[in-house]
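Each chain, written out:
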Amino acid sequence: MFAEKPKYFEDGNFIYECKSSPDNLNGPINQGSLRKWINDLKKVLKRRQPTGFRYIFPVNRLDENNKSLLEQLKTEFPKIDIQYYDCDSVDRLVKSLEKVNSLPELVEYIKQA
């Protein structure tokens, strides 16, 4: 999945990774897949640590089991700002951004968020 030493996994960088279980649109992300992705990520994070990591699940929801796995990841790497967003979060963001008409408005929206 990841190269041996990805250069972008370093202090100061925020990594955004989108994942999905397309066979279960609008349903929970596949827990087996999530476990594999997290294990792959842990291997990299043990060697190289960015400032932040974001998992984005644009077409799936996160059930309590999924959230528990992601919270364990956050606990295991407390120095990394790890966040995750499901399809509901992505939908709210898109709807909010639709209200932004210009770059100054976007900057103002981001400052308020």
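**What to know about the pattern of salt bridges**
The full count for this structure, using the stated rule, is 9 salt bridges. With its nearest N and O atoms 3.7 Å apart, the salt bridge here joins Glu10 to Arg48. One end of the pair, Glu10, is in the segment before strand 1 (14-18); the other, Arg48, is in the loop between helix 1 (31-45) and strand 2 (52-56), with 38 residues separating them in the sequence. On the basis of relative accessible area, Arg48 is assigned to the partly exposed category, the value being 23%.

**A look at the sheet that holds strand 3 (residues 81-85)**
In space, the 3 strands of this open sheet follow the order 1-2-3, with parallel pairing throughout. Edge strands, defined here as strands with exactly one partner in the open sheet, are strand 1 and strand 3. When the angles between neighbouring strand axes are averaged without regard to direction, this sheet yields 15 degrees. In terms of strand pairing, strand 2 meets strand 3 through 5 bridges, oriented parallel. The partner of Arg54 across the bridge, within strand 3, is Gln83. Helix 2 (residues 64-76) rests against strand 2 and strand 3 of the sheet, and its axis sits at about 165 degrees to strand 3.

**Concerning the confidence of the model for the protein**
Per-residue confidence for the protein gives a mean pLDDT of 86; residues scoring 70 or more make up 94%. Of all helices and strands in the protein, the one with the weakest mean pLDDT is helix 4 (residues 103-112) (74), whereas helix 2 scores best (96).

**What to know about the packing of aromatic side chains**
The full count for this structure, using the stated rule, is 3 aromatic pairs. By the ring-pair criterion, three or more aromatic residues cluster together here, those being Phe9, Phe53, Tyr55 and Phe57.

**Describing the nonpolar core**
In terms of nonpolar packing, the biggest core is built from 20 residues, with Leu34, Phe53, Tyr55, Phe57 and Leu70 touching the most fellow members. When contributions to this core are tallied by element, the ones reaching two or more residues are helix 1, strand 2, helix 2 and strand 3. When residues of this core are assigned to their parent elements, the largest contribution, 6 residues, is made by helix 1. Once you skip the residues sitting within four places of it in the chain, Tyr55 turns out to touch Glu17, Lys19, Trp37, Ile38, Leu41, Leu70, Leu73, Gln83, Tyr84 and Tyr85.

Conventions used here
Residues numbered from 1 in each chain as written. Predicted model: local features only at pLDDT ≥ 70, side-chain atom pairs only at ≥ 80, totals over all residues. Heavy atoms only, no water. Salt bridge = Lys/Arg side-chain N within 4 Å of Asp/Glu carboxyl O. Helix = DSSP H or I, 4+ residues; strand = E, 2+ residues; numbered from the N terminus. Buried < 20%, exposed > 50% of the residue type's maximum accessible area, 1.4 Å probe, protein only. Pairing = 2+ DSSP bridges. Axes fitted to C-alpha atoms, helices over the stretch in contact; angles between N-to-C directions. Contact = heavy atoms within 4.5 Å. pLDDT = per-residue confidence, 0-100. Phe/Tyr/Trp six-rings, centres within 6.5 Å; stacked < 30°, edge-to-face > 60°. Core = buried A, V, L, I, M, F, W, Y, C linked by side-chain atoms within 4.5 Å.

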